[in-house]
Amino acid sequence: MSAAEPELEAVRAIVAAGRTAAVTTRTAGGALHSRPLAVLDDEFDGTLHFFTQDPSAKTAEIATHPEVNVSIGDGKGWVSLAGTASVTHDPGLLDRYWNAWADSYFDGGRGDPTAAILEVRVETLEYWDLRKPAVAQLFEVLKGVVTKSEPDLGESGTADLR
C-alpha cells in the first residue's frame, strides 16, 4: 500500500468502528445498486471481505462489472473505498470468517453450497475523519459562521493503494 500510515490509521479506525458497509455494484444496465453488508475484517489491510450468497443478483453484477464502491461511516468519520470485487468459495476464507450470524443466514450452515465470500481489493480511497470532541466541532462551526469561513471539523484525504 502506498498510503501514509496516519491516513491508514484514520481509515482503520473508521472501518473498525463502522462494521457495516454500503457496497455499491452496477447492474447489467449500468444502474448503481447499494446494499448493506457486514465487514468481516478486524483490521483494514487494503482488502475487505463480506459474506454473500452465490449465485445471487449481487454476484451476477460483480461478474459483469467487478468495479465496486464500499462506503463505511461510524458517526465520527466516513470512508469511501473504490476497488475490484471478486467472489470466492475458498474453504479457508469461509472457515476464517465463519461466525454465528453466517450460520443463521445460510440455510445449510457452513456446508451451504451458496455460502461465498465477496472480496474487495481496494485501489483508491477517500476519508473524512471527524474525531474532534463535540465541543471543538461546535467551536469550529461557530467560528466559521462568524468569520464566514469553512470550519475545520477534522481531517480528510485520499490515498492510492495500487
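Note that the structure is predicted; figures quoted are calculated from it, not measured. Every residue gets a number counted from 1 within its own chain, in the order that chain's sequence is written. The predicted nature of this model means local features are confined to residues of pLDDT at least 70 and side-chain atom pairs, given and counted, to a pLDDT of 80 or more, with totals for whole chains, interfaces and linings taken over all residues. In computing side-chain values, all of the structure's heavy atoms are included and hydrogens and water are not.

Participant: Looking at this structure, how should I read helix α1 (residues 5–18)?
Facilitator: In an α-helix there are 3.6 residues to a turn, and that puts residues three or four apart on one side. Secondary structure elements follow DSSP: runs of H or I no shorter than four residues count as helices, runs of E no shorter than two count as strands, and numbering proceeds from the N terminus. Expected helix span is taken as 1.5 Å per residue step, with the number of steps being one fewer than the number of residues. Here α1 contains 14 residues, and its C-alpha end-to-end distance of 20 Å stays within 8% of the 20 Å for a straight helix at 1.5 Å per residue. For this analysis, residues touch if any pair of their heavy atoms sits within 4.5 Å. Contact partners of the buried residues in α1: β1 (20–26), β3 (47–53), β4 (67–73), β5 (77–88), β6 (115–129) and β7 (155–160). Phi for Arg19, located one or two positions after α1, is positive at around 60 degrees.

Participant: Got a minute to help me understand the side chain of Thr24 in this structure?
Facilitator: Along the chain, the position of Thr24 falls in strand β1. Here the term buried applies to any residue with accessible area under 20% of the maximum for its type, exposed to any over 50%, and partly exposed to those in between, with areas from a 1.4 Å probe on protein chains only. Using a relative accessible area of 16% as the deciding quantity, one classes Thr24 as buried. Among the polar contacts made by the side chain of Thr24, one reaches the side chain of Ser34 at a distance of 2.5 Å. Once you skip the residues sitting within four places of it in the chain, Thr24 turns out to touch Leu32, His33, Ser34, Val68 and Asn69. Nitrogen and oxygen atoms within 3.5 Å of one another constitute a polar contact, given that in protein one can donate a hydrogen and the other can accept it, and given that sequence-neighbouring residues count only through two side-chain atoms.

Participant: Just checking my understanding: could you explain the packing of aromatic side chains for this structure?
Facilitator: Given two aromatic rings, their pairing is described by the distance between the two centres and the angle made by the two planes. Ring pairs shown here join Phe, Tyr and Trp side chains whose ring centres sit within 6.5 Å, with only the six-membered ring taken for Trp; geometry is labelled stacked below 30 degrees between planes, edge-to-face above 60, and tilted in between. Summed over all chains, the structure comprises 6 aromatic pairs. Note on Phe51 and Phe106: the rings are 6.1 Å apart at their centroids and 70 degrees apart in plane angle, and the pair reads as edge-to-face. With a gap of 55 residues between them, Phe51 in strand β3 and Phe106 in the loop between α4 (100–105) and β6 connect regions that are remote in the sequence. In this pair, the class of Phe51 matches that of Phe106, namely buried. A ring pair is formed by Trp98 and Phe106, whose centres lie 5.7 Å apart and whose planes are at 35 degrees; its orientation type is tilted. Each member of the pair, Trp98 as well as Phe106, carries the same accessibility label: buried. Through a chain of ring-to-ring contacts, three or more aromatic side chains come together here, namely Phe51, Trp98, Trp101, Tyr105 and Phe106.

Participant: Just to check I follow, could you spell out the confidence of the model for the chain for this structure?
Facilitator: One rule of thumb: low pLDDT means the predicted coordinates there are not for detailed reading. The predictor attaches a confidence to each residue, called pLDDT, with possible values from 0 through 100. Counting all residues, the mean pLDDT for the chain is 87, and 85% of those residues have values of 70 or more. Under a pLDDT of 50 for its full length, residues 133–141 has, in the predicted model, 9 contacts with residues more than four places off or in other chains.

Participant: Any chance you could explain the nonpolar core here in plain terms?
Facilitator: One broad rule of soluble globular proteins: the nonpolar side chains tend to lie buried together. Ranked by size, the top nonpolar core spans 26 residues in total, and within it Phe44 and Phe50 carry the most contacts. Secondary-structure elements contributing two or more residues to this core are α1, β1, β3, β4, β5 and β6. Grouped together as the second largest cluster of nonpolar side chains are 10 residues, Leu40, Phe51, Ala115 and Ile117 included. Side-chain atoms within 4.5 Å are what join buried Ala, Val, Leu, Ile, Met, Phe, Trp, Tyr and Cys residues into a set we call a nonpolar core.

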